[in-house]
Amino acid sequence: MSALDEHLITITQRPDTVFVEGHGAWLVDEAGKRHLDLMQGWAVNSLGHSPALITEALLAQSQRLVNPSPAYFNRPMLDLAAALSRVSGFDRVFLANSGAEANEGAVKLARRWGSRHRGGAHEVVGFEQGFHGRTLAMMSASGKPGWGSIYAPMPTGFAKARLNDLASVERALTPRTVAVMIEFVQGEAGVVLADPGFVRELRALTREREVLLIADEVQTGVGRCGTAFAFEHYDVEPDILTLAKGLGGGVPLSALLCRERLNCFEPGDQGGTFCGNPLMAAVGLAIVNEVCRPAFLAEVHARSQQLAQGLQAIVRDHGLVGERGLGLLRALELPSDKAPAVVAAAQALSPVGLLINAPRPHLLRLMPALNISAAEVDEGQALLREALRIALG
Ligand SMILES: *Cc1c(COP(=O)(O)O)cnc(C)c1O
């Protein structure tokens, strides 16, 4: 228990630090200490902390219109849907507030389509270790060990296969299967990449069985992987796409995208009080227009090459197991379960701390701002080496 907190419902252990300010790659705590942030709100702050683009979009939109109600069109909602359609090739967009909510919408849309066109098919096949969010249904869809029982009874209709194992997908498919839901890079599982060959075969198999392919790009989408979307790396076309995290650049915003033939909700089937509100949509529009430019994405790719090479050198020099990732979503595998100790040592570094994340006990995850500078990447690596020396000895 932290001495700082007497009133929050306890959900996790946090360090005894209160962050008060952030600019670009840097976060400042109440004591005035600066931290180089290679976590960025869990891959959320695409342009770093407090970018002018977001401040300006929020200011301008908040002075014009904050919320006319989801019963009416508003201009940022229409413009963001059009921008997402243009950069993704998907026809239709539903805006929501979190990744879990977009994914719930994806499953609802797939089930709606299944009820109309596939004789009531409704089951969704996900993957072991997968992560799709924390609503009850998304906990069922996720493959996190233990998640089937903490809040039992859980929503049913979710089967599991193993990533990169097509035979396991074939075993999980039944005549009632309406969709397969995949993360091309399992972020929470520890930056585990789907094999290109597996993804191509999965796409062929789902097409053949008239099963929809839902790509959960909540973490990988909107520039994170050095392309606008991770599906471009795999050269496949999903039927349904979900985005969140980086889409809002730090504000709560998510999107569900689909092909025209899946545009099958009846009025009243889907909605939400804050869905498509102009304040968040204005921010998303500014982010998409900035991040999905070829010149911006080329820079993301260059920084990701630099970071990957630096991490490979760290692996050699510190005797680690390996480095992996796609774009600026990267992980370092340690030979022991010391990742939490490295995270703590990194934050405690003085005079400047380093913020990184340990999604698994033996794994460090780095997801810097997409516009991090080459000098900041170098500085992050130097700080990481220091933290590794302290924590691994
Ligand atoms: C973070 C994440 C989610 C959940 O998003 P929330 O905004 O926390 O609901 C879903 N899927 C993936 C792949 C994620 O990384």
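Keep in mind that what you see is a predicted model, and the values were worked out from it rather than measured.

### What about helix 4 (residues 99-117)?
Residues lying three or four places apart along an α-helix face the same way, a consequence of the helix completing one turn every 3.6 residues.
Okay, step 1: Its 19 residues give helix 4 an end-to-end C-alpha distance of 27 Å, which sits within 8% of 27 Å, the value for a rise of 1.5 Å per residue.
Okay, step 2: Two residues or fewer after helix 4 comes Gly119, characterised by a positive phi angle close to 60°.

### Section: the nonpolar core
Proteins that are soluble and globular tend to have nonpolar side chains buried together.
Okay, step 1: In this structure, Ile182 and Leu384 are the most contacted members of the largest nonpolar core, which totals 94 residues.
Okay, step 2: At nine residues, the largest contribution of residues to this core is made by helix 9 (residues 278-291).
Okay, step 3: No fewer than three residues from each of domain 1 (3-51 + 294-392) and domain 2 (52-291) sit in this core.
Okay, step 4: When sequence neighbours within four positions are dropped, the list of residues in contact with Ile182 reads Phe127, Leu163, Ala194, Phe198, Val199, Leu202, Leu213, Ile214, Ala215 and Asp216.
Okay, step 5: Core analysis: the second largest hydrophobic core is formed by 22 residues, Met138, Leu256, Leu262 and Cys264 among them.

### Focus: the packing of helix 3 (residues 75-88) against helix 9
Okay, step 1: Contact pair helix 3 / helix 9: the axes reach a minimum separation of 8 Å and the direction vectors enclose 30°. Viewed along their axes, helix 3 and helix 9 adopt a mutual orientation that is roughly parallel. Read as a crossing pair, helix 3 and helix 9 show a hand that is left-handed. Together, Pro76, Met77, Asp79, Leu80, Ala83, Leu84, Arg86 and Val87 of helix 3 and Pro278, Ala281, Ala282, Gly284, Leu285, Val288 and Asn289 of helix 9 make up the contact between the two elements.
Okay, step 2: The residue makeup of the contact of helix 3 with helix 9, split by class, is eleven nonpolar, two polar and two charged.

### Notes on the domain arrangement of the protein
Okay, step 1: Domain boundaries assigned for the protein yield domain 1 (3-51 + 294-392) and domain 2 (52-291).
Okay, step 2: Each of domain 1 and domain 2 was reduced to a C-alpha centroid, and the two centroids are 26 Å apart.
Okay, step 3: Taken together, the contact between domain 1 and domain 2 spans 26 residues of the former and 31 residues of the latter.
Okay, step 4: At the junction of domain 1 and domain 2, the tally comes to one salt bridge.
Okay, step 5: Between Arg365 and Glu188 there is a salt bridge, and its shortest N-O distance comes to 3.0 Å.
Okay, step 6: Our count for the contact surface shared by domain 1 and domain 2 stands at 14 residue pairs in polar contact (both at pLDDT 80 or more).
Okay, step 7: Those elements giving two or more residues to the side of domain 1 that touches domain 2 turn out to be helix 1 (40-43), helix 10 (294-318), strand 13 (322-326), strand 14 (329-333), strand 16 (357-360) and strand 17 (363-366).
Okay, step 8: Residues belonging to the side of domain 1 that touches domain 2 are distributed by class as follows: 17 nonpolar, five polar and four charged.

Cut-offs and rules
Residues numbered from 1 in each chain as written. Predicted model: local features only at pLDDT ≥ 70, side-chain atom pairs only at ≥ 80, totals over all residues. Heavy atoms only, no water. Helix = DSSP H or I, 4+ residues; strand = E, 2+ residues; numbered from the N terminus. Expected span 1.5 Å × (residues − 1). Core = buried A, V, L, I, M, F, W, Y, C linked by side-chain atoms within 4.5 Å. Buried < 20%, exposed > 50% of the residue type's maximum accessible area, 1.4 Å probe, protein only. Domains from an automatic or database assignment. Contact = heavy atoms within 4.5 Å. Axes fitted to C-alpha atoms, helices over the stretch in contact; angles between N-to-C directions. Parallel < 35°, antiparallel > 145°, perpendicular 65-115°, else oblique. Left-handed = near helix turned anticlockwise from the far one by under 90°. Nonpolar A, V, L, I, M, F, W, Y, C, P; charged D, E, K, R; others polar. Salt bridge = Lys/Arg side-chain N within 4 Å of Asp/Glu carboxyl O. Polar contact = N/O pair within 3.5 Å; in protein donor to acceptor, adjacent residues only side chain to side chain.

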